[in-house]
Amino acid sequence: MDWTFWLEWVLKGFVLCLVLLTGFAYLTYYERRALARMQNRIGPNRAGPQGLLQPIADAVKLFFKEELTPARAYKIVFFLAPIVTVVPSLIIAAVIPWGTSFQLFGRTITLYVADINVGVLYLMSIASIAVYGIVLAGWSSNNKYAMLGGMRSSAQMISYELALGLSFVTAILLANSMRMIDIVNAQSSWWFVVIQPVGALIFWIATLAEVNRAPFDMPEAEQELTAGYHAEYSGMKFALFFMAEYQKMIVICAILATLFFGGYLGPFVDKFWFLGPVYMFAKVFILLFFMIWVRATWPRIRYDRLMSFGWKVLVPLALAVVFITATGILLAQELNNQLYFWAIPFVSIVAAGIAVMMIYRELRRKAYERA
Amino acid sequence: MTVDLILFLILALVSVSTALGMLLSRNTVYSALFLVLNFVTVAVFYLLLGAPFIAMAQVTVYAGAIMVLFLFVIMLLGTEVLPASNILPWQKPLAGGLAAVLAVEAIYLLLVRARSVAQVTSPDVAINSMDNLREMGKVLFSTYLLPFEVTSILLLVAMVGAIVLTKKEKA
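Residues numbered from 1 in each chain as written. Chains lettered and ligands numbered in written order. Predicted model: local features only at pLDDT ≥ 70, side-chain atom pairs only at ≥ 80, totals over all residues. Heavy atoms only, no water.

### Details of the overall build of chain B
Consideration 1: Along the backbone of chain B there are seven helices and zero strands.
Consideration 2: Reading the secondary structure of chain B in the N-to-C direction produces α-α-α-α-α-α-α.
Consideration 3: Sorting the 171 residues of chain B into buried and exposed places 20% on the buried side.
Consideration 4: In chain B, once contacts between residues fewer than 6 apart in sequence are set aside, the share between residues at least 24 apart is 62%. (Helix = DSSP H or I, 4+ residues; strand = E, 2+ residues; numbered from the N terminus. Buried < 20%, exposed > 50% of the residue type's maximum accessible area, 1.4 Å probe, protein only. Contact = heavy atoms within 4.5 Å.)

### Looking at the overall build of chain A
Consideration 1: Looking only at helices and strands, chain A has 14 helices and two strands in total.
Consideration 2: On C-alpha atoms alone, chain A measures out to a radius of gyration of 22 Å, which is about the 21 Å that the 2.2 N^0.38 rule sets for 371 residues.
Consideration 3: Principal-axis analysis of the C-alpha atoms places the extent of chain A at approximately 75 × 70 × 40 Å.
Consideration 4: The proportion of buried residues among the 371 residues of chain A is 52%. (Rg over C-alpha atoms; globule rule 2.2 N^0.38 Å.)

### Notes on helix α2 (residues 28-48) of chain B
Consideration 1: Here α2(B) spans 30 Å end to end across 21 residues, near enough to the 30 Å set by a 1.5 Å rise per residue.
Consideration 2: Residues Thr28(B), Val29(B), Ser31(B), Ala32(B), Leu35(B), Val36(B), Asn38(B), Phe39(B), Thr41(B), Ala43(B) and Phe45(B) constitute the buried set of α2(B).
Consideration 3: Its buried side turned inward, α2(B) meets α5 (131-140) of chain A together with α1 (2-24) and α3 (52-77) of chain B.
Consideration 4: The backbone nitrogen of Val29(B) lies 3.0 Å from a side-chain oxygen of the residue at the head of α2(B), namely Asn27(B).
Consideration 5: Phi for Gly50(B), located one or two positions after α2(B), is positive at around 80°. (Expected span 1.5 Å × (residues − 1). Polar contact = N/O pair within 3.5 Å; in protein donor to acceptor, adjacent residues only side chain to side chain.)

### A word on the interface of chain A and chain B
Consideration 1: Between chain A and chain B, the contact holds 23 residues from the first and 26 residues from the second.
Consideration 2: In this structure, the connection of chain A to chain B is made through zero salt bridges.
Consideration 3: Between the two partners, chain A and chain B, sit one residue pair in polar contact (both at pLDDT 80 or more).
Consideration 4: Elements supplying a minimum of two residues to the side of chain A that touches chain B: α4 (119-129), α5 and α6 (144-175) of chain A.
Consideration 5: Class assignment for the residues of the side of chain A that touches chain B results in 17 nonpolar, six polar and no charged. (Salt bridge = Lys/Arg side-chain N within 4 Å of Asp/Glu carboxyl O. Nonpolar A, V, L, I, M, F, W, Y, C, P; charged D, E, K, R; others polar.)

### Observations concerning the nonpolar core
Consideration 1: Within the largest apolar cluster, 87 residues are counted, with the highest numbers of intra-cluster contacts made by Phe168(A), Ile255(A), Leu259(A) and Phe260(A).
Consideration 2: Here the element with the most residues in this core is helix α11 (residues 235-260) of chain A; it accounts for 14 residues.
Consideration 3: With 33 residues, the next largest nonpolar core counts Trp139(A), Met151(A), Leu35(B) and Ala43(B) among its residues. (Core = buried A, V, L, I, M, F, W, Y, C linked by side-chain atoms within 4.5 Å.)

### What to know about the confidence of the model for chain A
Consideration 1: Chain-level statistics for chain A give a pLDDT mean of 82 and a share of 96% at 70 or above.
Consideration 2: Between the elements of chain A, mean pLDDT differs from a low of 66, seen in helix α10 (residues 222-225) of chain A, to a high of 87, seen in helix α9 (residues 197-210) of chain A. (pLDDT = per-residue confidence, 0-100.)

### Section: the confidence of the model for chain B
All names here are of chain B.
Consideration 1: Averaged over every residue, the pLDDT of chain B is 80; residues scoring 70 or more account for 81%.
Consideration 2: Here helix α5 (residues 114-118) stands out as the element of chain B with the lowest mean pLDDT, 56, in contrast to helix α7 (residues 145-166), whose mean of 90 is the highest.
Consideration 3: Reported for the predicted complex are a pTM of 0.82 and an ipTM of 0.77.

### Focus: the pattern of salt bridges
All names here are of chain A.
Consideration 1: Within the structure shown, the criterion is met by five salt bridges over all chains.
Consideration 2: Taking the shortest distance from any N to any O, the salt bridge between Asp58 and Arg32 comes out at 3.1 Å. A residue pair is termed long-range when its members are at least 10 positions apart, and Asp58 in helix α2 (residues 54-64) and Arg32 in helix α1 (residues 3-38) qualify at 26 residues.
Consideration 3: Judged by relative accessible area, which is 22%, Asp58 ranks as partly exposed.
Consideration 4: By sharing partners, the salt bridges in this structure join Glu362, Arg365 and Glu369 into a single network.

### Quick word on a positive patch on the surface
Consideration 1: Together, Arg305(A), Lys312(A), Lys366(A), Arg370(A) and Lys167(B) line one region of the surface with positive charge.
Consideration 2: For the positive patch, the secondary structure elements donating two or more residues are α13 (303-334) and α14 (338-370) of chain A.
Consideration 3: Tracing the backbone through its elements, the reader meets Arg370(A) in helix α14.
Consideration 4: A residue is classified by how much of its surface remains accessible, and Arg370(A), at 64% relative accessible area, is exposed. (Patch = residues over 30% accessible without salt bridge, like charges linked within 9 Å, V, L, I, M, F, W, Y side chains within 5 Å. Areas by Shrake-Rupley, 256 points an atom, 1.4 Å probe, with all protein chains shown as cover. Lys, Arg positive; Asp, Glu negative; His and termini not counted. Charge placed at Lys NZ, Arg CZ, Asp CG, Glu CD.)

### With respect to helix α3 (residues 75-91) of chain A
Consideration 1: If you check α3(A), its first and last C-alpha atoms are 26 Å apart, about what 17 residues at 1.5 Å a residue would give, namely 24 Å.
Consideration 2: The largest bend in α3(A) is about 30°, located at Ala81(A), with the proline Pro82(A) one to four residues further on.
Consideration 3: Val77(A), Phe78(A), Ala81(A), Pro82(A), Thr85(A), Val86(A), Pro88(A) and Ser89(A) are the residues of α3(A) that are buried.
Consideration 4: Of the surrounding secondary structure, the elements contacted by the buried residues of α3(A) are α1, α4, α5 and α11 of chain A together with α2 of chain B. (Bend = angle between axes of the 7 residues up to and from the residue.)

### Digging into unusual backbone geometry
Consideration 1: Phi angles above zero are rare outside glycine, and Asn40(A) is one such case at about 60°.
Consideration 2: With respect to the element layout, Asn40(A) can be found in the loop between α1 and α2.

### Comments concerning the packing of α1(A) against α2(A)
All names here are of chain A.
Consideration 1: Relative orientation of the contacting elements α1 and α2 amounts to 115°, with a least axis distance of 8 Å. The hand of the α1/α2 crossing is right-handed. In this structure, α1 contributes Ala25, Tyr26, Tyr29 and Arg32 to the contact, and α2 contributes Gln54, Pro55, Ile56 and Asp58.
Consideration 2: Partitioned by chemical class, the residues of the contact of α1 with α2 number five nonpolar, one polar and two charged. (Axes fitted to C-alpha atoms, helices over the stretch in contact; angles between N-to-C directions. Left-handed = near helix turned anticlockwise from the far one by under 90°.)

What follows is the structure, given as structure tokens:
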């Protein structure tokens, strides 16, 4: 434990935070431009070439806005809630590997902050802590709309955490490890999205609900709740909520890329270390585009349907997928026949198809009853 | 070892003060938040003892799921601020007496058993690996199979009960 070890650690943490903060600023620009393109508009294009300085202009605006605190708010919690929301969105990125390693001044420098053997569990525990910021913001505002937003988000996040955890289990089963590095290395021949496409899909849907993105943006449904849990926040405190949401989007896409899309792996990545972050960035960029696309395409779903979709469709389907994956791996091992292993994707897709058919029949039945 | 000791002392201070804050706060939401902090410090104790799995499970289950539900109920009931008057006058002396008994027992055991406690070696490095988790799973499904299954049936019964209670009765 010499001082260079500490220096390396601090520097890596600092760089990671810097990347996430810059990523947040430019993700807002990316989202606005992409949404505008899909809606036949131009989007922000005035500040700097192609509007590239727009995030900086927004930041300056938010810094100079007046901050209001409601007279009957619970002051301490009202002040702490934005901080409690931002911190998990930053520290959750610590276990994500961004590349292999390189030599500098005779030291091997690895491209991740922490390599812990229960990396996936770490992700789960931080994700479950992230609920507090929103709940406390809703409660401490002492405003019924904010309160309802906070309640909705806590119920939603707890419900979808189950499906999220089960889709983590499929990746753990396939990699036979909870370390993020092992999970990436296990995908050197086949990405897990090929072996378990349904698991990746469940992860994707559950994380959209976890970060409160459209079509699951219930906690801040404008028409019903004005702005939900952050209705009473202004200025920099509001910016912190905004920041947490976009950082969570980036981190979630990075986790999805790591667990199911091969992480930093790509051609020639073991020869040139700098290709790792490049591949990772490209994957995150593409996955973020899908998130924006979903927002531009689907309307918000009704709250009771959101809950019954989570509990009655996603959780049973995720359980079935975990069962199918475990059985396939075990049969392939015991009977020494790779055919069972390759049956996993097909059986999972059949299970997902049955789930979709059951939803369809249920909706048909309800429409019939109403008519 | 000294770094561990300093960490332990700071954490002990934090955990005891959060526990006290939980008991003494008249606002139930603050009490719940103190309890969350307490759970997190306990998780860090587990990390110090070289049990990362239990630490993460502690944060996920207690701090992340159970306490969120507690907060949920407190906020929905709208009973955040407790009345200043004491409803149970006999509670405080009784609690004080029982706490004194517990403290005497703890000090007695500490003094009598001090030698054997000192012989406890620090956790092995090998425990701090994936194999530990694998061993734990194997033990759960072989030696402790019956308690494990009984627990899961108990949880299932509780879950079914909760769902039945929330269902509207058909007239």
